[in-house]
Every structure is written in C-alpha cells, then in structure tokens.
Amino acid sequence: MTSQAMSPSDEGGLETISAVLPAGSTIHAWIKASHGAAAPGRLTAHVDGDQAGAVETSNPHEFEFRLLTLERGGETAFSYDPATTDVSVLYAFRQPCVLEEGVRLLHVRPSNAAPEIPGGYHFRPPFGWMNDPNGFGRFGGRVHLFYQHYPHKLRWNNMHWGHAVSDDYLRWTHLPIFLPPSDALAARADGRGGAFSGSAIPLDGAGIRIFFTEHMKDRQPEEQIQFTATSGDLVNVEPANLILPARPEGLGLTTDFRDPYVFMGPDDKWKMLLGTRDREGGIILLYETDDPGAATGWTFLGMLHRENRFGMTAAECPCLVPLDDPANDPSTRWALIFGLLTSRDPATGRRNITLATIGRFDGHSFSVEFEQELDFGTDAYAFQAFVDETGPVGIAWLANWTDVSKEVDMPTAMTLPRRLALRGGALTTPPIADVESLRQRPLDAQGLLDGHPVDLANGSVEILLTLKEAGNAFHLAFEYPDATVAVQLNDNGLSILFSVASAKTSPRYIAAGARPSTIRIFLDAGSIEVFGDDGRWTGTKRLPGFKGINSMRLAAPEGHVLTAEIWQLGL
C-alpha cells in the first residue's frame, strides 16, 4: 500500500515525505549522497514536530540501506535536502504483525515506481526490477514467494531477494526486502552480481533455511559460490554461511555454477541441484547432505543430467518434484525442469526454452522416460515448484531474456501459479483452481460466437472455448495497440501469434500438432496465458507495454466452437 505526501519544506528547500505512523514502526530507507555534494546524504525523521532519528550516507554511487525505529507514533515527517541526498525507497511496517499487514510504501522515485495497472491480477513487485522466483514454498502455514529484485530501477542490476506472502497464491502481501547483496556489492551500482537465485526449506519448529548463489563478476577463482542462511520469523534473515566455495574439479566446467534448488529426496536426505555448463552444453549437478538441518556436509554426487540442444549454454534454475505419488515410492515419476539459457529453436526462432524431463529418481540418478517443453510461448522462465498440501505447484517469471535491454525499462510479472500432474502420458500445467475466485462478472460470450467484436473493458479477462471436436480450427484476434496478438488452432497446432511492427521477423510460438478440445485464455495488462486441455499444452507470452487488450473477435467455421464463456477478472 502506498501512502505518501511530498512537498518542499520551509526549512532551506528540504523535501518532506509525510505519513501518520503508529508507535514502534520500523522504517527501511535507501538513501545515497548526491553526486558532487560536499555534505553526506541525510534523512531526518520528526514525529509531531520532534526529531525522532536520522540516518546518513556518504556513498554517491549506490543507495545504501538504513534502519529507523519510531518510539512514538503520530504525524511523521521524513525530510532531506535534494541537493545533497537522493531517496530511492522508503517504507514502514510493524514488526509484530508485518506478515499480516505487510509494508506501507511511503516513497519511491519515478524511475523505480511500479506501473499502475487497474484490475491487474498477476504478481508484481511494489517497486523496482524483478526476475526469477526464489524460495517458493509454504512456510508457517502460508505461501511465501521470494524473487530476484533490484529496488532502485526498473532494470536488472545487483540482485536482492524481494519477498511476499499469500493465503491463496493470488492475493499477495508485500514484505520487507529479505536478502540484500553482500556489503562489497551493495556499495556499487554497476551490476556486478549480488544474491542470485535459490530456494528455501522449512526448519524444524519454525522458520526457514534459504540457499542462494552469490555472484561477483571477475572474482577469482570463483565468480559464483553457494551460501545458506536462516530466518526464524520469516521476515529477517541471519548472516549467511558459505557452503560450496568451488565448482567440482575435473569436469571442465565454466564459471557458471548457480541456482541451488534444495529438496527432500526419496531416501529422506536433503538433495541440491545446481546449474552449470561445459564446452558441450548445459549440466545439472547433484549434491546431498546427511545433516537433518541441511546446514553443512554437502557432498557432490555427480552429474544428474546433461542437455546440449538448440545452442544452449548453461542449464539454469533446475527444480525436481515428484508427481502424483509420494517421493519415497519407487514407482513415482519426477519432473526435472530447467531453463536452456541462450537456446534457439531453429524451426520456430523461439529463444531460452524451458524443458520438462519426466522420469524416475532414486536419490542418486535420474532415468528419463520422456520430455516435453514446459511452455510453448517461452515466457515462463526460471520455473520453480514445490509439493504443497494438494500436490506440486510452480510459478515462473513472465518474461524472456531476449526482451531485456540495458537501455529500456521493463517492469514484469510472475505467471499464474500452476499445478503439475501426469495425465495421459504427458505433464500438464493448468492454473491453480483458485483462479476461479478472480471471476467478477460474465461478458458477452454470445457476441463472440456470432463473430462480433467483444469489448474487454480493462483487458483483465478469462476466456474459455469448448470445441465441438478436438482440433477444430479457430482464430481469435485481439485488438492491442502495441503488437499484433491472436490465438489460433489449425492443422499445424495451437499457436500464440505475436509480432511487433519494429521487428523484421517474429518467432512462431506454437505447440506443434496440439489438438485440444478446450482452450482457456487469461489476459492481463502485459501478458497472455493459454492453456489447452487443462494445461496439456501451455503457452505464455509477455506483451509490450502495460495496457489491457481492448477487444477481440472470433473467426471459425460454423459449428467448430461449441460454447464460449468470458469473465471479467480482478483481485
């Protein structure tokens, strides 16, 4: 929740951020000294006119974190001199109830403010840049989502972990930034590394243990090393400990060595996957520990899986989850999911493909039975899953690295959370059942069947088409100002048609040969997600800009589309 009032002060041109805050409020502030200023950067807090604290920094290169606690409550004013001080982020929270109330956002700058998206229902950070989901799991009875985060711009830079919590995977409460970069990196703003992706497991009793890669560009001999840390209250993290200081020797691996995913194996031992590569392609490494708390004793077991297709480099963000049956059942099939960094499918031009490999895992080796693409739209990257109370659930970054530019801001979102199951010899990834709670009112489905344009209000809608026979052809065209967008089914398969005027060619986003009977489409500002036959074929595409799709029109041979339903969605 944002609540701020900024105005020039009467005292020498100071800027003031005002809010009424309760006693005991904790304040997180990121400030830096202005370039060329003779004095340090300084932020001062007053409560009902009396000074309540101040923080300073002399760093003109990067925003530094500072902490304040308000002993008294009341009308609170935070003031600073813009000639000497820049303030990037300022938020307040009450420590005893922050998991329920979240943070109260008091100030961001235009350069790191999140876009305003009325009716949007995908997860987005309250400010700054976001990419991979991290530490996705249920802890303390609620779902926690950590994520790769740079607070101070809408572009990638030194990585932090952001944090949010939910009761239903859809309605999120934003929490304080969880994990900053190391001190050596936090003082810089040159994108040299930070707290890269990882995972989390529950601790006995209460709290969590997290695992993450610390990346530091040009560090010798290892740019990427693995750390662990704990949090007893699910909000504040203890100092991290180094657990894997180097890559395994003798394998000819590059310096890529990242994204620890920790899970309980079928032999009741903690396992860890790490992504890397050699000269031939991507590799997933397997480690384990006998330590019940997973804190120490990690030993290398070997290479779990190799993939070298499509010109890929590193295997990224691996995860491994049991499907449908218990992990300790030898007949259980597991899904090994990972990103093929820099991959390019020559048949379609799609980049950075995510692969799902299905097989059996005995704790030491993985035997492949079949594989499929996780998402034919390719904009569900860095997928991370865990086994919840009702089965495996995963979420992904709703973007693709091919769209990322150092020159262009690109606010992004997470995909809808998705279930994972084996059905009919394939991995299905439908949206979680609770997405039906987003339905607010029906729209004009009969007009769609009659071939008329259907207005989509703010563009946050769900569409469900039921075909008379599997594979019946149709073309659903969307009116969108920044791109040509459509969903099409024909003899070639199920496609998301997407192109922008500035591109000479566009990839073909197609599930070749798909012949679904039902097609479920979710539209939101900046995205389209398509689920054929309850997620047997899933396609996700980020759309440029943050406008909603205005309207749509259906073209299909008579009788091909049996029924249509459309709902306006919202949180």
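*Asks:* Go over the overall build of the chain with me, naming the residues and quoting the values.
*Replies:* On a plain count of helices and strands, the chain comes out with 3 helices and 42 strands. A compact globule built from 571 residues should have a C-alpha radius of gyration of about 25 Å, and the chain, at 24 Å, falls within 12% of that. Principal-axis analysis of the C-alpha atoms gives the chain an extent of 75 × 60 × 45 Å. A buried classification covers 57% of the 571 residues belonging to the chain. Once local pairs closer than 6 in sequence are excluded, the contacts in the chain between residues at least 24 apart make up 60%. When the accessible surface of the chain is summed, it comes to about 22,300 Å², and 49% of that surface belongs to carbon and sulfur atoms.

*Asks:* Now, about the side chain of Ser199: what can you tell me, with residues and values included?
*Replies:* Following the sequence through the fold, Ser199 ends up in strand β14 (residues 193-202). Taking the relative accessible area as the measure of exposure, Ser199 reaches 2% and is therefore buried. At 2.9 Å, the side chain of Ser199 and the backbone oxygen of Pro260 are in polar contact. Reaching out from Ser199, the side chain makes a polar contact with the backbone nitrogen of Val262 at a distance of 3.0 Å. Excluding anything up to four places from it in sequence, Ser199 contacts Gly135, Trp161, Arg209, Ile210, Phe211, Pro260, Tyr261, Val262 and Gln384.

*Asks:* Any chance you could break down the pattern of salt bridges for me, citing the residues and the numbers?
*Replies:* A complete count under the given rule lists 36 salt bridges for this structure. Residue Asp409 pairs with Arg155 through a salt bridge whose shortest N-O separation is 2.5 Å. Of the two residues, Asp409 is situated in the loop between β27 (391-397) and β28 (418-419) and Arg155 in the loop between β11 (142-150) and β12 (160-166); the sequence distance between them amounts to 254 residues. According to the relative accessible area criterion, Asp409 is partly exposed, its value standing at 36%. For Arg155, a relative accessible area of 27% gives the class partly exposed. Put simply, Glu280 and Arg306 hold a salt bridge, and the shortest N to O gap is 3.8 Å. Taken as a pair, Glu280 in the loop between β19 (270-277) and β20 (282-289) and Arg306 in strand β21 (residues 299-307) lie far apart in primary sequence, 26 residues in all. According to the relative accessible area criterion, Glu280 is exposed, its value standing at 54%. Each of Asp267, Lys269, Lys271, Glu288 and Asp290 takes part in a single network of salt bridges with overlapping partners.

*Asks:* Explain the packing of aromatic side chains to me, and be specific about the residues and the numbers.
*Replies:* Remark: the centre distance and the inter-plane angle together describe each pair of aromatic rings, the angle taken between the planes. For the coordinates displayed, the defined rule picks out 23 aromatic pairs. The interplanar angle of 65° and the centroid separation of 5.4 Å between the aromatic rings of Phe123 and Tyr147 together place this pair among those described as edge-to-face. Taken together, the positions of Phe123 in the loop between β9 (104-108) and β10 (129-139) and Tyr147 in strand β11 put the pair 24 residues apart, joining distant regions of the chain. The pair formed by Phe123 and Tyr147 is uniform in burial state, with each residue classed as buried. One aromatic cluster is present, built from ring pairs that chain together Trp30, Phe65, Tyr91, Phe93 and Phe127. For Lys32, the ring lying beneath its charged end belongs to Phe63, and the centroid distance is 4.8 Å. Stacked on the ring of Phe498, the Lys or Arg Lys541 has its end atom at 4.3 Å from the ring centre.

*Asks:* Please provide a residue-by-residue account of the sheet that holds strand β6 (residues 64-69), values included.
*Replies:* What the 4 strands build is an open sheet, ordered β6-β3-β8-β9; its pairing is antiparallel. Here the strands that pair on one side only, and so sit at the sheet edges, are β6 and β9. Strand-to-strand twist across the sheet, computed as the mean angle between neighbouring axes with direction ignored, equals 15°. Across 6 bridges, strand β3 (residues 26-33) lies against β6 in antiparallel orientation.

*Asks:* Can you tell me about the layout of surface pockets, naming the residues and giving the values?
*Replies:* Of the volumes computed, that of the largest pocket is approximately 1,000 Å³. If you go around the largest pocket, you meet 38 residues; those closest to its centre are Trp156, Asn157, Gly191, Trp401 and Lys406. Those elements that provide at least two residues to the lining of the largest pocket are β10, β11, β14 and β18 (257-264).

*Asks:* Outline the side chain of Asn59, supporting the account with residue identities and numerical values.
*Replies:* Here Asn59 is to be found in the loop between β5 (50-57) and β6. There is a polar contact of 2.8 Å between the side chain of Asn59 and the backbone nitrogen of His61. Filtering out sequence-adjacent residues up to four positions away, Asn59 remains in contact with Lys32, Ala33, Glu64 and Ala187.

*Asks:* Any details on the sheet that holds β28? Residues and values, ideally.
*Replies:* Strand order across the open sheet formed by 3 strands is β26-β27-β28, with antiparallel pairing between neighbours. Looking at the sheet topology across the chains shown, the edges are occupied by β26 (381-388) and β28. Alignment of β27 against β28, held across 2 bridges, turns out to be antiparallel. Across the sheet, Val393 pairs through a bridge with Arg419, a residue of β28.

Quick notes on the rules
- Residues numbered from 1 in each chain as written.
- Predicted model: local features only at pLDDT ≥ 70, side-chain atom pairs only at ≥ 80, totals over all residues.
- Heavy atoms only, no water.
- Helix = DSSP H or I, 4+ residues; strand = E, 2+ residues; numbered from the N terminus.
- Rg over C-alpha atoms; globule rule 2.2 N^0.38 Å.
- Buried < 20%, exposed > 50% of the residue type's maximum accessible area, 1.4 Å probe, protein only.
- Contact = heavy atoms within 4.5 Å.
- Areas by Shrake-Rupley, 256 points an atom, 1.4 Å probe, with all protein chains shown as cover.
- Polar contact = N/O pair within 3.5 Å; in protein donor to acceptor, adjacent residues only side chain to side chain.
- Salt bridge = Lys/Arg side-chain N within 4 Å of Asp/Glu carboxyl O.
- Phe/Tyr/Trp six-rings, centres within 6.5 Å; stacked < 30°, edge-to-face > 60°.
- Lys NZ or Arg CZ within 6 Å of the ring centre and 35° of its normal.
- Pairing = 2+ DSSP bridges.
- Axes fitted to C-alpha atoms, helices over the stretch in contact; angles between N-to-C directions.
- 1 Å grid on protein atoms, 1.4 Å probe; cavity = no way out; pocket = protein on both sides within 12 Å on 5 of 7 lines; lining within 4 Å.
- Points joined across faces, edges and corners; volume = space filled by probe spheres on them.

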